[in-house]
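Structural characterization, general
So the chains spell out like this:
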There are 6 protein chains.
Amino acid sequence: MAVARLIEYEGASPEVRAVYDDIRATRQTDYVNNFWKALASDPATLKRTWESTKQIMSPGALDVLTKELIYIAVSVTNQCPYCIASHTVSARNKGMTGEMFHELMAVVGMANETNRLVAGYQVEVDERFKNA
Amino acid sequence: MAVARLIEYEGASPEVRAVYDDIRATRQTDYVNNFWKALASDPATLKRTWESTKQIMSPGALDVLTKELIYIAVSVTNQCPYCIASHTVSARNKGMTGEMFHELMAVVGMANETNRLVAGYQVEVDERFKNA
Amino acid sequence: MAVARLIEYEGASPEVRAVYDDIRATRQTDYVNNFWKALASDPATLKRTWESTKQIMSPGALDVLTKELIYIAVSVTNQCPYCIASHTVSARNKGMTGEMFHELMAVVGMANETNRLVAGYQVEVDERFKNA
Amino acid sequence: MAVARLIEYEGASPEVRAVYDDIRATRQTDYVNNFWKALASDPATLKRTWESTKQIMSPGALDVLTKELIYIAVSVTNQCPYCIASHTVSARNKGMTGEMFHELMAVVGMANETNRLVAGYQVEVDERFKNA
Amino acid sequence: MAVARLIEYEGASPEVRAVYDDIRATRQTDYVNNFWKALASDPATLKRTWESTKQIMSPGALDVLTKELIYIAVSVTNQCPYCIASHTVSARNKGMTGEMFHELMAVVGMANETNRLVAGYQVEVDERFKNA
Amino acid sequence: MAVARLIEYEGASPEVRAVYDDIRATRQTDYVNNFWKALASDPATLKRTWESTKQIMSPGALDVLTKELIYIAVSVTNQCPYCIASHTVSARNKGMTGEMFHELMAVVGMANETNRLVAGYQVEVDERFKNA
């Protein structure tokens, strides 16, 4: 309950297995990573989180690589080591080059800096940005 | 010094004017937004921040719109109202559609959720994600 | 000074021992965890932090388990691994079941998601929520 | 697209109306707050977020008031003014007294303080908290 | 209970008045700012928070101005508008010049940037920094 | 690309070597820490970040030790283990005593606590703090 107990396919209930099967089919890999195996101790959250993730991360107006970059940007800002490690691998698998990663980091770093300059200088929103 | 005193072009020193001129030329607009006018009370930070921003946000391995989306992702995660307002306008000017914005928000929201599930369940990094 | 030097009871000053004694008596256990042993290098902060914690975490209008759940919610949101590990154990000792932990995580995850949707969509506070 | 356009029931599509109807029925009130009216510009996110919220915030191993307190703890830690305002009202409607609110704030404040003391003193996790 | 009800001296209980009197005497001003008037709805938290603040912010190995700068650094990082506004005024009253404020902002901005570069690049702690 | 590949002087390009040389000369040490060796995979970011850091952290209206204390305050608030470890060592090398470190931690802890009390109680900015 404290540190995540990882639930393997073999010992999983039918409803957990159904999610694992869908993860494997959707991602076209046999590998199910620790995050899902940890959530599996709560099948309702496993199912809801997977279905939301599947819906949100699928290609749409934004392609899947752009979505991975955004995911990494959030995870780096929140200082989540697991999320950074897993989504960096995932982004590479979807085509992120070293150069793209470097530019992503540069933007994330700069945005975190300017977010604080804005706060510290108490900058008020420009009229033209309101209700734009 | 507390709330940002905004420095207008007319009352600016030559070094501040030079930055404003470069902002206008680079962005192809006469408008200089409040952030820069606030930073202008410290010309060294104004110049360094603008030059870094110009370098980082220019097109490279990532296009300028993708960089704006990443900027918004960070600003939303950090809850910076000014940054969200200004970069949302900026992203629209660079081609962000309503559908793209909606997908951006969905990914940012989901990443913030799963970042905490990972932390709370104390999920350990998969061996295959280490030194990948 | 950098990594916490842990001060054991045997080598502690009388004022540090007095706090350790009170921790043991209050918690009805001989165990003093690393957090307190690290703070002991600054007896004033040790004493102030323990006395504040003792006052705040004691049963009142909220029971002690509810207070532990709130503590975990904050620690997960802040991504503090030590705090998550220690307070999850503490909450279990006070009666948190696996099912309660799962629901806690679900709420924490969802709140972190909707906090960002609110920011990103720049939602204004409803009139009826002001000065309610 | 930038500042949230609020979609009222009268101008809403059938799928948005269905969510509003379910919000009203579930909460036993005619009032739909701005958050949902803003999300309605993206019906997929509106539906997914509402259904997740409804599932997560319903009574289970934790009662609805405890869940609201946890929601507030996260929102205060993230400094989300809208979320604090709306969920404080919501918690009061579910029975939160002034005394409970005060104790909630005290725990949230203390947890945010000790989270940083742990980080700054670089306290390592006690062996007994690992794999507990 | 939701938005802070501010308790004025005239309508305050003796225990709240005692804290207000001590704030005034310690700060050598008649003014009690809104933060304390809001906390006064919970006299126990008012008293504990004031006494901790008084102890922590008094001159010691660090002078009072340095402590104010640190306070601002935290408040800017957490994006707390009230705290930034009030402590910037307080720091000025204790001798912060415009130049000092500018350098403070530059350091805070840079630290927020490099904190994320470290996380994103998954930089491991140098051996020589461990147990230093 | 995922976990930072550390680039040593021997295998570095001339532009990376130039930055390493300047780090060594500026800091009067042969040691280049992992952060810079990780950034070296992106020479543009290495150079920009080093030059900004050099400019910002040099003595000015604030002395170098005060700047290190501010850096630690931000890093602790953001829960960045690498940054806390490296800058604590750096601050000690610049004269931070144990007592100064203890006071720094106390202020950082208290500021993180009061930031949330302000948010939770929805305290409005005093008129006298606006445009001060």
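In this report, we go over the structure that sits alongside the text. (Residues numbered from 1 in each chain as written. Chains lettered and ligands numbered in written order. Predicted model: local features only at pLDDT ≥ 70, side-chain atom pairs only at ≥ 80, totals over all residues. Heavy atoms only, no water.)

1. Overview of the interface of chain B and chain A
Across the contact, 61 residues belong to chain B and 61 residues belong to chain A. Broken down residue by residue, the surface that chain B buries against chain A is led by Val107(B), Tyr121(B) and Phe129(B), which jointly contribute 11%. On inspection of chain B and its partner chain A, the count reaches 2 salt bridges. Ionic pairing is found between Glu103(B) and Lys67(A), a salt bridge with its closest N-O pair at 3.2 Å. Mapped onto the side of chain B that touches chain A, the elements with two or more residues apiece are helix H2 (34–39), helix H3 (43–57), helix H4 (64–77), helix H5 (81–93) and helix H6 (98–120) of chain B. No other element matches the 16 residues that H6(B) contributes to the side of chain B that touches chain A. For the side of chain B that touches chain A, the class distribution of residues is 35 nonpolar, 17 polar and 9 charged. (Contact = heavy atoms within 4.5 Å. Buried area = accessible area lost by both parts, 1.4 Å probe. Salt bridge = Lys/Arg side-chain N within 4 Å of Asp/Glu carboxyl O. Helix = DSSP H or I, 4+ residues; strand = E, 2+ residues; numbered from the N terminus. Nonpolar A, V, L, I, M, F, W, Y, C, P; charged D, E, K, R; others polar.)

2. Side note on the environment of Phe35(C)
Topologically, Phe35(C) is positioned in helix H2 (residues 34–39). Taking C-alpha positions, Phe35(C) is 17 Å from Ala91(C), a pair spaced 56 residues apart along the chain. Residues within four places of Phe35(C) in sequence aside, it is in contact with Thr49(C), Tyr82(C), Thr114(D), Leu117(D), Val118(D) and Val123(D).

3. Regarding the packing of helix H4 (residues 64–77) of chain C against helix H6 (residues 98–120) of chain D
Relative orientation of the contacting elements H4(C) and H6(D) amounts to 45 degrees, with a least axis distance of 9 Å. Viewed along their axes, H4(C) and H6(D) adopt a mutual orientation that is oblique. Between H4(C) and H6(D) lies a crossing whose hand is right-handed. Touching Lys67(C), Ile70(C), Tyr71(C), Val74(C) and Ser75(C) of H4(C) are Glu103(D), Leu104(D), Val107(D), Val108(D), Met110(D), Ala111(D), Asn112(D), Thr114(D) and Asn115(D), all from H6(D). When its residues are assigned to classes, the contact of H4(C) with H6(D) shows 8 nonpolar, 4 polar and 2 charged. (Axes fitted to C-alpha atoms, helices over the stretch in contact; angles between N-to-C directions. Parallel < 35°, antiparallel > 145°, perpendicular 65-115°, else oblique. Left-handed = near helix turned anticlockwise from the far one by under 90°.)

4. Some thoughts on the pattern of salt bridges
Residues and elements named next belong to chain B. By the definition in use, this model includes 36 salt bridges over all chains. Note that Lys37 is salt-bridged to Glu8, the shortest N-O span being 3.0 Å. Pair noted here: Lys37 is in helix H2 and Glu8 is in the segment before helix H1 (14–27), with a separation of 29 residues, a long-range link. On the basis of relative accessibility, which here comes to 38%, the residue Glu8 falls in the partly exposed class. (Buried < 20%, exposed > 50% of the residue type's maximum accessible area, 1.4 Å probe, protein only.)

5. Examining the state of the cysteines
Residue and element names in this part refer to chain C. Here the structure, examined in full by the defined rule, presents 6 disulfides over all chains. Between the sulfur atoms of Cys80 and its disulfide mate Cys83 the distance is 2.1 Å. Here the disulfide of Cys80 and Cys83 is right-handed, its torsion about the S-S bond being about 50 degrees. Cys83 shares its class with Cys80; the two are buried. (Disulfide = S-S within 2.5 Å.)

6. Considerations on the relation of the copies chain B and chain A
By a simple turn and slide, chain B fits onto chain A: the slide is 0.0 Å along the axis, the RMSD is 0.0 Å, and the turn is 180 degrees. As the rotation angle and translation indicate, the two copies are arranged about a two-fold axis. Interface overlap between copies: 100% of the residues of chain B at the interface are likewise at the interface in chain A, consistent with a symmetric, same-surface contact. (Least-squares fit on C-alpha atoms with pLDDT ≥ 70 in both.)

7. What to know about the interface of chain F and chain C
Each side of the interface is counted separately: chain F has 10 residues, and chain C has 9 residues. Carbon and sulfur atoms supply 58% of the area that chain F and chain C bury against each other, a total of about 810 Å² over both sides. For the chain F face of the interface with chain C, the top three residues by lost area are Gln79(F), Arg92(F) and His102(F), together amounting to 53%. Taken together, the connections running from chain F to chain C amount to 0 salt bridges. Inspection of the chain F/chain C interface yields 1 residue pair in polar contact (both at pLDDT 80 or more). Those elements giving two or more residues to the side of chain F that touches chain C turn out to be helix H5 (81–93) and helix H6 (98–120) of chain F. Broken down by element, the residue count for the side of chain F that touches chain C peaks at 5 residues, all from H6(F). (Polar contact = N/O pair within 3.5 Å; in protein donor to acceptor, adjacent residues only side chain to side chain.)

8. Focus on H5(B)
Spanning 13 residues, H5(B) covers 19 Å between terminal C-alpha atoms, matching the ideal 18 Å at 1.5 Å per step. Those residues of H5(B) lying buried are Tyr82(B), Cys83(B), Ile84(B), Ala85(B), Ser86(B), His87(B), Thr88(B), Val89(B) and Ala91(B). Where H5(B) is buried, its residues meet helix H6 (98–120) of chain A, H2, H4 and H6 of chain B together with helix H6 (98–120) of chain C. One or two steps after H5(B), the chain reaches Gly95(B), where phi turns positive at roughly 115 degrees. (Expected span 1.5 Å × (residues − 1).)

9. Overview of the side chain of Arg48(A)
You can see Arg48(A) is positioned in helix H3 (residues 43–57). Glu113(B) provides the closest opposite charge to the buried, unpaired Arg48(A), separated from it by 4.6 Å. When sequence neighbours within four positions are dropped, the list of residues in contact with Arg48(A) reads Ala106(C), Ser52(D), Gln55(D) and Ile56(D). (Lys, Arg positive; Asp, Glu negative; His and termini not counted.)

10. Considerations on the packing of H6(D) against H6(F)
Closest axis-to-axis distance for the H6(D)/H6(F) pair is 8 Å, and the angle between their directions is 150 degrees. Judged on the interaxial angle alone, H6(F) and H6(D) are roughly antiparallel. For the pair H6(D) and H6(F), the crossing hand works out as right-handed. On H6(F), the residues touching Phe101(D), Met105(D), Val108(D), Gly109(D), Met110(D), Asn112(D), Glu113(D), Arg116(D), Leu117(D) and Gly120(D) of H6(D) are Phe101(F), Met105(F), Val108(F), Gly109(F), Met110(F), Asn112(F), Glu113(F), Arg116(F), Leu117(F) and Gly120(F). Considered class by class, the residues forming the contact of H6(D) with H6(F) number 10 nonpolar, 6 polar and 4 charged.

11. Quick look at the packing of aromatic side chains
The description of an aromatic ring pair rests on the distance of the ring centres and on the angle between the ring planes. Within the structure shown, the criterion is met by 36 aromatic pairs over all chains. On the basis of an interplanar angle of 35 degrees and a centroid distance of 6.4 Å, the ring pair of Tyr9(D) and Tyr20(D) is categorised as tilted. Of this pair, Tyr9(D) sits in the segment before helix H1 (14–27) while Tyr20(D) sits in helix H1, and the two are 11 residues apart along the sequence. Assessed through its relative accessible area of 1%, Tyr20(D) is described here as buried. Among the aromatic residues, ring-to-ring pairing joins Tyr31(A), Tyr82(A) and Phe129(B) into one connected group. (Phe/Tyr/Trp six-rings, centres within 6.5 Å; stacked < 30°, edge-to-face > 60°.)

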